[in-house]
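# Fold and contact review
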Amino acid sequence: MTAAAAGSPFLAISGAVGLGGVTAEMLLGHWYLVSPQMPRWALTRLAAVAGGGLAVDAAVIAVLAVSRQNSVLGMWVFGGLATMSIGLMVAVWFALKEPSYSGVMAATGLSYLAVLTTLGAVAVGRALLGGDGSFLPLQ
């Protein structure tokens, strides 16, 4: 079942903004490692966009999953991954405030972790909405 068919075309947009922002921030962070004198405003804005997109995506999935009475365990897994992803993007934003080169290195490393947790959150969230939530047997 597609994201639009699962309840909202807004879900497809929010997932694309969150996952796209995290991935773009991580990829652009690599360019900043090669050329550290570049201004950091683009990385900071991408981190903010990604965090916002993830928060909106998590809220939309939570509302739709609760209204469908999906798996409690699935919601805990999704909530943990989404919270970790948002927390990592906040950490990226704060790492970029470090004026030295190590701030960009830390932000890029944290972005790697954020890509992994965001992929998990997006996949689990869509799986929760794709059916009746019974893919995780504990209710």
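It is worth spelling out the pattern of salt bridges at this point. Counting across every chain of the model gives 1 salt bridge. One salt bridge in this structure joins R126 and D57, with 3.0 Å as the shortest N-O distance. Placement of R126 in helix α4 (residues 101–130) and of D57 in helix α2 (residues 41–67) is noted, with a sequence separation of 69 residues between them.

Within an α-helix, residues lying three or four positions from one another point in the same direction, as the helix has 3.6 residues per turn. A rise of 1.5 Å per residue sets the reference length of helix α3 (residues 72–95), with its 24 residues, at 34 Å; its end C-alpha atoms lie 34 Å apart and thus fit the reference within 8%. In this structure, the buried side of α3 is in contact with α1 (9–34), α2 and α4.

A few words now on the packing of aromatic side chains. A complete count under the given rule lists 1 aromatic pair for this structure. Between the NZ or CZ atom of K97 and the centre of the ring of W93, over which it lies, the distance is 4.1 Å.

What follows concerns the confidence of the model for the protein chain. Mean pLDDT over the protein chain works out to 82, with 86% of the residues at or above the 70 mark. Considering only residues more than four positions removed or in separate chains, one finds that residues 1–6, a stretch of pLDDT under 50, has 10 contacts. Note on residues 132–139: pLDDT under 50 across the span, and 17 contacts to partners over four residues away in sequence or across chains.

The rules we used
- Residues numbered from 1 in each chain as written.
- Predicted model: local features only at pLDDT ≥ 70, side-chain atom pairs only at ≥ 80, totals over all residues.
- Heavy atoms only, no water.
- Salt bridge = Lys/Arg side-chain N within 4 Å of Asp/Glu carboxyl O.
- Helix = DSSP H or I, 4+ residues; strand = E, 2+ residues; numbered from the N terminus.
- Expected span 1.5 Å × (residues − 1).
- Contact = heavy atoms within 4.5 Å.
- Phe/Tyr/Trp six-rings, centres within 6.5 Å; stacked < 30°, edge-to-face > 60°.
- Lys NZ or Arg CZ within 6 Å of the ring centre and 35° of its normal.
- pLDDT = per-residue confidence, 0-100.

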